[in-house]
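Examination of the molecular architecture
Here are the chains, one letter per residue:
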Amino acid sequence: MSRLQNHRLTIIAAAGLVAVVVLLWLPFGIKVSGLTEEWDVFVSFDKGIKYGFLTLTSYQRMRPFTVTPHAIAYWLNPNSFVGFNLLQMLFFVCKGTFLYLLVRRLLPGERALAFVAAVLVIIYPADEGMFTFRTIHIHAAVGALLLAVYLLVRYWERPRLLTLVGMWLATLVSVGSYEVGFPLVLSAPLVLVCLERKINRRVIWVSLLWYIAPLLALVYMLLAFTQAGDTYTYQAWVLSHNGVDQGRLLESVASSIVTLYRRHLVDGWLEALRQIDLSSIFTYLSVIAAAMSALIVWLHLRPTSDAFTKRRRYIALIVIGLVVMELGHLVFLATPYRPITWRVYFFSAIGGALTMAALCALLSSFTPVRIRSAIYSVVAGVVIALASVHAFNQHAHFVELALDQQRLLAGIIEQAPRIQPDGDNQRLIVMVDETGRYRNEWSLGGSEFLRDSLQYLYQDYKLDAFMCYPDYTLEGGQWLPGYCEFGPDEVSMTYLDGSSSLPYAYERVVMLSYDDENGVRLLESIPAYYAVDSVAAGYNPDRLVDADAPPPPRALTVFEHWPMEQTTS
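Since this is a predicted model, take the numbers as computed values, not measurements.

Helix and strand counts for the protein chain stand at 18 helices and seven strands. Taking all 569 residues of the protein chain together, the buried fraction comes to 56%. For the protein chain, the separation between the mean place of its 43 positive charges and that of its 47 negative charges on side chains is 22 Å.

The following block contains the structure:
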């Protein structure tokens, strides 16, 4: 194939990947808001404290690039989550593009397989947290790793200083964003052994050059871990809760490995099958993504006369993919996150994408030569359609969680468009969820998430917030960080560890409630059944609420639309 044809196919493939990602956002738009820590990070950027483009001092200091995507998103648009959406889309495209380029370099005759793997690494139906912004740095880390390995292969083919520096930087960004990629980073030079088919001086030399970046990262992490005066790190917490001393550790690890392979090879795909709904637009958008991808696959196959004849290659690639799956998940085996299936399968999806693309090629190799290319295009299209259905439904789930949050926050702002300052005193917004609808980790269930979101929206950093439930329970495994205690003169939050917040006198409190019938409403007085001893004295929301003020500017930029309708679905 000529160089011009190669470039044309690369452009077509990149355009196809962009189109797939745009389709994934098409039903939802780019105003989907954050759910949890994203509010905290944005408030910190507002205040000019805690976070920057590099995280060098906080509990996340062992991941210096983990908040960099958040910083870029804030820089792009500090008054909404549009930047988050655009970056997430960009990282999705980058993951697919870099895997496509890498497979094209390693297997020049497998252009179609490279494209199928590229699409699947974006939408692979394994992890349950692909579309939450909590994982944006992990998408960046995966893309940076694929870019680093691609540049390693380019440097092997044609050594250049610029390529070498780019390889080092990409590796540092990857492991500095999310250390879970370390096993794959350490295994990457095996690619050179496969290319050379032996270990010689050049393989050893280029491998040593590759290891410079991860070695520097390890030295930095060791120094950050032992940083004087700030010994707590997220990784220290994870290691202290790894369960190594539990009686059934080996059984837990084995179960996690089985779940990994079941999730990638069986369960995720069965879940996608169950999600097919002929009345849903997601199904038809998935068909469009699949048809477009199948056409691009066919264009990649059209100049090839001997497509899918090397069965040993496909079997080897399937085995490699299975190994990459475990390497991409290996770090989690030493953490308390072994049993979960969200936020843990991003690196392993690289192996899943390679395995499924090679499996489609292997199956197609048993069909008649004349229709082999068409069969592979159709089979790949069906696989991509299934993965797309899963991706659309997962995206819809997180969008609905975000809209549900927006309805509550917008209801608060509609009832209290401005909270008057009270000198240097903190003021407290008490939100009583009568329904329990928001009593979970994803829906402002924790008071700190409610506080951060309201501080960001009002741009008022002397606001505090409690999320309260009149019928709270500490049983049943519900996620609940604490509960509100209403006294005759003040309200406070008591946490599960027995500690309490500072109490707030009622003259500094604005109290609202949410129920299915009325939505959010401002309470003019505190009902007696909220107070422990008697009806609270001193409560006067009119003193703090300016009901005639315009809504804060961010109400017009953050929410999907203003005003938000109240729903009980």
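Across the interface, helix 1 (residues 3-25) lies against helix 13 (residues 281-301) with an axial gap of 10 Å and an inter-helix angle of 175 degrees. With respect to their mutual orientation, helix 1 and helix 13 come out roughly antiparallel. Contact with helix 1, carried on its side by L9, I12, A13, G16, A19, V20 and L23, involves L285, I288, A289, M292, S293, I296, L299 and H300 of helix 13 and no other residues of that element. For the contact of helix 1 with helix 13, the class distribution of residues is twelve nonpolar, three polar and no charged.

For residues that are not glycine, phi is negative in most cases, and the peptide bond is trans in most cases. Going from W562 to P563, the amide bond is cis rather than trans, its omega being -5 degrees. The backbone phi angle of R197 is positive, close to 65 degrees, even though this residue is not glycine. With respect to the element layout, R197 can be found in the loop between helix 9 (190-196) and helix 10 (201-225). In this structure, R343 is a non-glycine residue whose phi angle is positive, near 70 degrees.

Another point: the sheet that holds strand 3 (residues 482-486). Read from one edge to the other, the open sheet built from three strands follows the order 3-4-5, with strand pairing classed as antiparallel. Looking at the sheet topology across the chains shown, the edges are occupied by strand 3 and strand 5 (504-505). Alignment of strand 3 against strand 4 (residues 490-495), held across five bridges, turns out to be antiparallel. The residue bridging C484 from the neighbouring strand is M493, located in strand 4.

Below, the discussion takes up helix 6 (residues 136-157). For helix 6, with 22 residues, the first-to-last C-alpha span of 32 Å sits near the 32 Å given by 1.5 Å per residue. In terms of burial, helix 6 is a largely internal element, 19 of the 22 residues being buried.

This model, assessed by the stated rule, comprises one disulfide. Here C468 is linked by a disulfide to C484, with a sulfur-sulfur distance of 1.8 Å. One quick way to see it: the torsion about the S-S bond of C468 and C484 is about -80 degrees, and its sign makes the bridge left-handed. With C468 in strand 2 (residues 463-468) and C484 in strand 3, this pair connects stretches of sequence that are 16 residues apart.

Further remarks concern the packing of helix 6 against helix 10. Running from N to C, helix 6 and helix 10 point in directions that differ by 140 degrees, and their axes come no closer than 11 Å. Seen along the crossing, helix 6 lies across helix 10 with a hand that is right-handed. Contacts from A148, V149, L152, Y155, W156 and E157 of helix 6 reach helix 10 at R202, V203, V206, L209 and W210. Classifying every residue of the contact of helix 6 with helix 10 gives nine nonpolar, no polar and two charged.

Before going further, it helps to spend a moment on the pattern of salt bridges. Applying the stated criterion to the full structure yields 15 salt bridges. A salt bridge links E128 to R263; the shortest N-O distance between them is 3.6 Å. With E128 in the loop between helix 5 (111-123) and helix 6 and R263 in helix 12 (residues 249-274), this residue pair connects regions lying 135 residues apart in the sequence. According to the relative accessible area criterion, R263 is buried, its value standing at 7%. One salt-bridge network, held together by shared partners, links E400, D404, R407 and R437.

A separate point is the confidence of the model for the protein chain. Summing up the model confidence of the protein chain, the mean pLDDT is 89 and the portion of residues at 70 or higher is 91%. Mean pLDDT in the protein chain bottoms out at helix 11 (residues 234-240), which sits at 73, and peaks at helix 6, which reaches 98.

You can see E414 is positioned in helix 16 (residues 372-415). For E414, a relative accessible area of 34% corresponds to the partly exposed category.

Calculation rules
- Residues numbered from 1 in each chain as written.
- Predicted model: local features only at pLDDT ≥ 70, side-chain atom pairs only at ≥ 80, totals over all residues.
- Heavy atoms only, no water.
- Helix = DSSP H or I, 4+ residues; strand = E, 2+ residues; numbered from the N terminus.
- Buried < 20%, exposed > 50% of the residue type's maximum accessible area, 1.4 Å probe, protein only.
- Lys, Arg positive; Asp, Glu negative; His and termini not counted.
- Charge placed at Lys NZ, Arg CZ, Asp CG, Glu CD.
- Axes fitted to C-alpha atoms, helices over the stretch in contact; angles between N-to-C directions.
- Parallel < 35°, antiparallel > 145°, perpendicular 65-115°, else oblique.
- Contact = heavy atoms within 4.5 Å.
- Nonpolar A, V, L, I, M, F, W, Y, C, P; charged D, E, K, R; others polar.
- Pairing = 2+ DSSP bridges.
- Expected span 1.5 Å × (residues − 1).
- Disulfide = S-S within 2.5 Å.
- Left-handed = near helix turned anticlockwise from the far one by under 90°.
- Salt bridge = Lys/Arg side-chain N within 4 Å of Asp/Glu carboxyl O.
- pLDDT = per-residue confidence, 0-100.

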